[in-house]
Amino acid sequence: MTSVRRASGNSDRLRDSHGDPRRVKRQSDGMDERPRPGGVCFMYSRILARFWYVICLLVFLTVGAYTALSLTAYELPDFSNPSEGFETRGTIITSRFVSLGNLVDDEDLVMSRPLAVDKSQTRVKRQIGADAGVQFCYSIEYWGEFVPVIVFETVDGGNMLTTSAIKSVCTTGERLVTTHPSFTANCLCVGTYTDRACPSTWSLGNYIALFSNKSSCADISDEDVASTMALLQRCAKFVHNGTRSEREFEYAVPGSIPAECSQHNFAVHTVLYYLLPAVFTKGILDGVTPLESQITAVFYPIYSHQRDTLETIFTENIMPVAYEDGITTIKAVEFFIKFRLFSSNLFADSLYMGIGIGLIFLLIWVYTGSFLVTLAALFNMIFSLVLGYFFFTVVFSRPFFPFGNFMTVILIIGVGADDTFVFMDLWKQSRAKLGIEDLPLLVYETLRHASVTMFVTSVTTAAALFATVISDITVVKCFAVFAGTSIMMNLVLTLTLLPAVIVMQHKIAVCCCGSKSQRSTPNTETKCTSCLNILFKPITVIFERVIPFLVSKLRYLWITIFTLLMIGGAVVIFFQPGFQLPSQAEFQFFASSHPFELYDFVYKDQFSFSEENFPDADGTIIWGVQAVDNGNHWKPGDSGTLALDDSFQFYEPEHQTWMLNFCAELRNQSFVNPDEPVRCFIENFKYYMELSCTNQDVSPCCNQVDFPYDPALFDVCLNAFATNGLFPDLYFRRNNSELAVIGVTFTTQYPYTFLYESNDEFWQSVNPWMEEKISSAPDPLQNGWFISKLNYGLLFYDLQQSLASGTQISMVITLAIASGILLLTIQNVLITICAMVTITSAVFVTVASLVLLGWELNIIEATIITLAVGLSVDFTIHYGVAFKLSPSSDRDQRTRYSLTTMTAAITIAALSTFIAGALVLPATVLIYYQFGVFLMLVVSVSWSHGTFFFQTLCITIGPQGSCGDVPCLPCCECCRLGEKPKKAIKVKPAHRSAVTQSHDNPLARHIVTEERVQTISRGLVDAAPLEGSVFLVQNNKTQTNGHIPTGQYGVPEPRTSHRNRSTPQGHRRTSGSLWPHDNHVTREQYDRYGSLGHNQRAVDRRSVVPNGSVVPNGANHRTMARESVVHGSNQRALARGSPNGAIQRHASHENIYAGAPNFNQVYTLNSVVDFDRLPQSSHQSLPRPSVR
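A brief structural summary. Worth saying up front: this structure is predicted, and the values here are computed from it rather than measured.

1. Digging into the overall build of the protein
- Of regular secondary structure, the protein possesses 34 helices and 12 strands.
- Taken across its 1188 residues, the protein has 56% of its residues classed as buried.
- Considering only contacts within the protein whose residues lie at least 6 apart along the sequence, 76% involve residues at least 24 apart.
- When the accessible surface of the protein is summed, it comes to about 49500 Å², and 55% of that surface belongs to carbon and sulfur atoms.

Structure representation (structure tokens):
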């Protein structure tokens, strides 16, 4: 009893100094200072705990300074052209296009001799309809697609060719467009070619009035409509193939077209070609009756360059209304202001993000119970974006900030909320284990777990983004850098600003919520700041009991389901239907229901005027120019400078012979159009040299029949012919007039198109043949290359190829980086394998879902899909880190620990990300909508995979004990997962007891190590959960009724009559209970660690027997709980390792045996084993702690 009181006194003295490290001082009687965790990590924790205000001040000052610098010293982003940057840079095709463009535009290095004069005739401006009340400003053919158009449809989707519908179109157009002051002030042909202020619109109603000799659309009748439809039926067969221009009909052979079909300058053609859909004309030719059309187009006489006027009309009259009058409705609009409105809508739709941030703010507040912490989370998100912009603009010096970077805002909202929930959950768990007195230790324990899991998730997400920097597309590269940097900044702020604010909240709560005596109670802050958590208690039953039950009992069902989903996702992605490449060169910026996008992607192609009828694609082979894109690939429009090929020469006879043979072979290839000439200068040069000298004074460049020519003669004659503009495909150096560039042009059999299949066949047929032939050329000519200078569809083909290959490469690289990061941080091969299988399955399912939703692999979609890997990692990593940190070595218990520890925080984080995505769905900007759909999908898939698939894999094939562990580098000790082994403590004789608290296991708080000496509670003994700790066994075989009474959850029930008195050896204890009042097992502990079973007699279920430890015979292994963890084999033979075999059966439950050979020596409550004082002969068989 004396030793007990002495140890208790020492414990009280140390407990009094536990809250302030400065109060722990060395005593004059020789007692050691209480040990603490060391290293940089703990030092940083002490700084956070003591100087939290300095951290906050530094963060705010740094962010403020960086913001001022980036916003004042650099230009702000310009989103007036959102399609800017939607191009490939540095690829073979793009480099050749850029080099050819630099050749044409360069005026410093090269010059072209005078070219042939363009003798094409200027279009004849015609005024039609001046003989009636309807007056047009020329024909639509003259203006082409440079006048605005609106597409109308009936409300019920019926026939537009009724009098009421036609008049409704005219009335709506007049009410919304033509009467607007901006239109009347800026319309075409004002008072010049018409006798009115503005000409008539090109509409079906006005043309019916023109045919019927009526003054306006409002005057037409049913008979006028019927007569016009009859006229269209009679003339359709004469003009249905008019897919080029009206000039083809103007100069047609006289008499080939009836006069009624060519009246008013081919007005019938205008109606069928521009105003009614192509299917209407096809119906006439097929004899379909009655004639119907669901849509009609109206063109308005105002030039497309009047963007301000068109924007005013659209925003004031068209956009605010419902586009309908009960008869017809506006379905599609082309006002040439899509890009202008995009910038304003991009910021206007930010309102939805603001609403999402507000709801997430409220959710964080409810979950954490702290307004300060919630405000810190909001600042984290804002500051992450600000710092990301600073590094992007100032540090990395990226000159172009595309609108696609706005996706980062939604990403940061989800990731920032996720980190806040997880950090706060870990803070609460550490506070429940350690109390609130030792603040540096509390901060250290929270950061030790949080830094690892957040580092892995943030670095993996950032790696997924940075991996896309290899993309050839400017927008994708810029988004990768900005978003990846913002994610890393969010990690830094989460580990600096957030814990500093939490410490501030902690200090405020302690100061405001209780007296000094109350502040020593670990639950004080919880009662003060987490009252709202009472609302979550019913939900915790699902997190801590239902989900673990489903995972454990249905493990094989979950594995089967998710394996089938993974296989199905792979089939959808790589086989059928597979990712569809974009089929149109138009880039979509608004939602599909927006009238601008409906015109471009739905209605425009239904009219004949939009049917592409381009000539065959051209081909050009260039010698003398390096095919390099030496401009800034991060800055759209910067094409660099012309780079001439210094090795190029063309004057030797072998050069002339090879070129002549090459042109002859080229003309015979199947991809060359035989009806079009091949413009090869050497053939023309040879022809001119062979001409007679009688009619021209060009001697000696005539009558030269001996080919090839002497280099001197060739040089003189080439300059003479080029001066007269005979060789437009040659360029000469400006400084010395030497031949610098040769071009050979021809026409191919392939059409000018944006279709991937056609362009792929074109490129794969022509380019390989060119490269093969050029490789056999003389050395100065081996750097030639092929390109189609007018086929811009080839650029779109290059973009499609980059999307297809770059997306797959980025996904593979990201998965590889994720696996490496997981292995280095989790430090277990089996957990890493389970995590990578889960992540791969989640990515496959997410991407396959997008494919089934009809997504095409365009630029935005490719960027979003690449993020699938990074975002699918987060929840699985959180679970994996918790699994590794579990105090148990059994995979079932570790899985239960992982689920009960992390499911609540992960679910709330998933919910916040889901809300962030759902709230941007009403946005008109497509990028917001698509990213919202993606976030909702990926968070749902990753949460279900992490919670059910990963956990079932871990509970089935996860590691047992240290199986699969990999060594941890010494530099990683501060953030390693699991408890770092401690050295055995040496306690001075006068002071052998000390009190501290455990770092990891809330149910194993009494560990004898170098850093802490635990007080063993009355009647409750816990051993250390790791190898190398001292095994302490409580031998209490003394219950009057032969068993320990159990209470709720199957754990021993405390008795109020228990009194902590020691019993002399050899006597039974006839009363009392093993469980005192202060050792209740909570429901949370029961749900997390399971039931004790019925065989717990005296040893607490949380005791752990380390591998290789020796238990004396007197330990009475039969009294050990069934749920105790025993390292090593033969649990029932624990007592066999005792050196002397002596049995101490009737020791008091307060006496502790630690394997000492002298069994007459009794170690009482609060005593610890001093190995240095034991007999030397007994050291070999004692359970010595390991020393690292």
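2. Considerations on the sheet that holds strand β2 (residues 149-154)
- What the 3 strands build is an open sheet, ordered β3-β2-β4; its pairing is antiparallel. What marks the edges here is a single partner per strand, and that holds for β3 (295-299) and β4 (328-334). Within this sheet the neighbouring strands show an average axis-to-axis angle of 25°, counted without direction.
- Two strands pair when backbone bridges link them, and β2 and β3 are joined in this way by 5 bridges, in the antiparallel orientation.

3. Digging into the state of the cysteines
- Under the counting rule described, the total for this entry stands at 6 disulfides.
- Linked covalently through their sulfurs, C663 and C680 form a disulfide whose S-S length is 1.9 Å. One quick way to see it: the torsion about the S-S bond of C663 and C680 is about 65°, and its sign makes the bridge right-handed. Taken together, the positions of C663 in helix α25 (residues 653-667) and C680 in the loop between α25 and α26 (681-689) put the pair 17 residues apart, joining distant regions of the chain. For the pair formed by C663 and C680, the shared burial category is buried.
- With no disulfide of its own, C834 lies closest to C954 among cysteine sulfurs, the gap being 4.7 Å.

4. A closer look at the side chain of N673
- By secondary structure assignment, the location of N673 is in the loop between α25 and α26.
- What N673 contacts, discounting residues up to four positions off in sequence, is D616, T747, T748 and Q749.

5. Re the pairing of strand β7 (residues 739-751)
- Among the 13 residues of β7, 11 are classified as buried, and the element is accordingly described as predominantly covered.
- Where strand β5 (residues 616-623) meets β7, 7 bridges bridge the pair, whose relative direction is antiparallel. The residue bridging G619 from the neighbouring strand is F746, located in β7.
- Bridge count between strand β6 (residues 730-733) and β7: 3 bridges; the pairing is antiparallel. Bridge pairing links Y731 to V741 in β7.
- Hairpin remark: β6 followed by β7, antiparallel, with 5 residues in the connecting loop; positive phi at S737, about 60°.

6. Some remarks on a nonpolar patch on the surface
- A contiguous nonpolar surface patch, about 540 Å² in accessible area, is contributed by M43, I47, F51, Y53, V54 and L58.
- Listing elements by their share of the nonpolar patch, those giving two or more residues are α2 (39-50) and α3 (52-72).
- Residue contributions to the nonpolar patch peak at 3 residues, all from α3.
- Assignment of secondary structure puts V54 in helix α3.

7. A closer look at the nonpolar core
- In this structure, Y928 and F934 are the most contacted members of the largest nonpolar core, which totals 182 residues.
- For this core, the element with the most residues is helix α31 (residues 859-885), which contributes 17 residues.
- F650, M659, V744 and F746 belong to the second-largest nonpolar core, a separate cluster that totals 59 residues.

8. A closer look at the sheet that holds β5
- Sheet architecture is open: 5 strands sit in the order β1-β6-β7-β5-β8, paired in antiparallel fashion. Looking at which strands have only one partner, the edges of the open sheet turn out to be β1 (110-111) and β8 (785-787).
- Sheet topology note: the β1/β6 ladder contains 2 bridges and is antiparallel. Within β6, the residue paired with M111 across the bridge is F732.
- On top of the sheet, helix α4 (residues 92-105) reaches β1, β5, β6, β7 and β8; it is set at about 90° to β8, its chief contact.

9. Focus: helix α14 (residues 338-348)
- Within the sequence span of α14, burial applies to K338, L341, F342, S343, N345 and L346.
- In the core, the buried residues of α14 are packed alongside α13 (307-318), α15 (350-368), α24 (595-603) and α33 (926-957).

10. Observations concerning the pattern of salt bridges
- Applying the stated criterion across every chain, the model contains 17 salt bridges.
- One salt bridge in this structure joins E153 and K331, with 4.0 Å as the shortest N-O distance. Linking E153 in strand β2 with K331 in strand β4, this pair joins segments that are 178 residues apart in sequence.
- When its relative accessible area of 17% is taken as the criterion, E153 is described as buried.

About the criteria used
- Residues numbered from 1 in each chain as written.
- Predicted model: local features only at pLDDT ≥ 70, side-chain atom pairs only at ≥ 80, totals over all residues.
- Heavy atoms only, no water.
- Helix = DSSP H or I, 4+ residues; strand = E, 2+ residues; numbered from the N terminus.
- Buried < 20%, exposed > 50% of the residue type's maximum accessible area, 1.4 Å probe, protein only.
- Contact = heavy atoms within 4.5 Å.
- Areas by Shrake-Rupley, 256 points an atom, 1.4 Å probe, with all protein chains shown as cover.
- Pairing = 2+ DSSP bridges.
- Axes fitted to C-alpha atoms, helices over the stretch in contact; angles between N-to-C directions.
- Disulfide = S-S within 2.5 Å.
- Patch = residues over 30% accessible without salt bridge, like charges linked within 9 Å, V, L, I, M, F, W, Y side chains within 5 Å.
- Salt bridge = Lys/Arg side-chain N within 4 Å of Asp/Glu carboxyl O.
- Core = buried A, V, L, I, M, F, W, Y, C linked by side-chain atoms within 4.5 Å.

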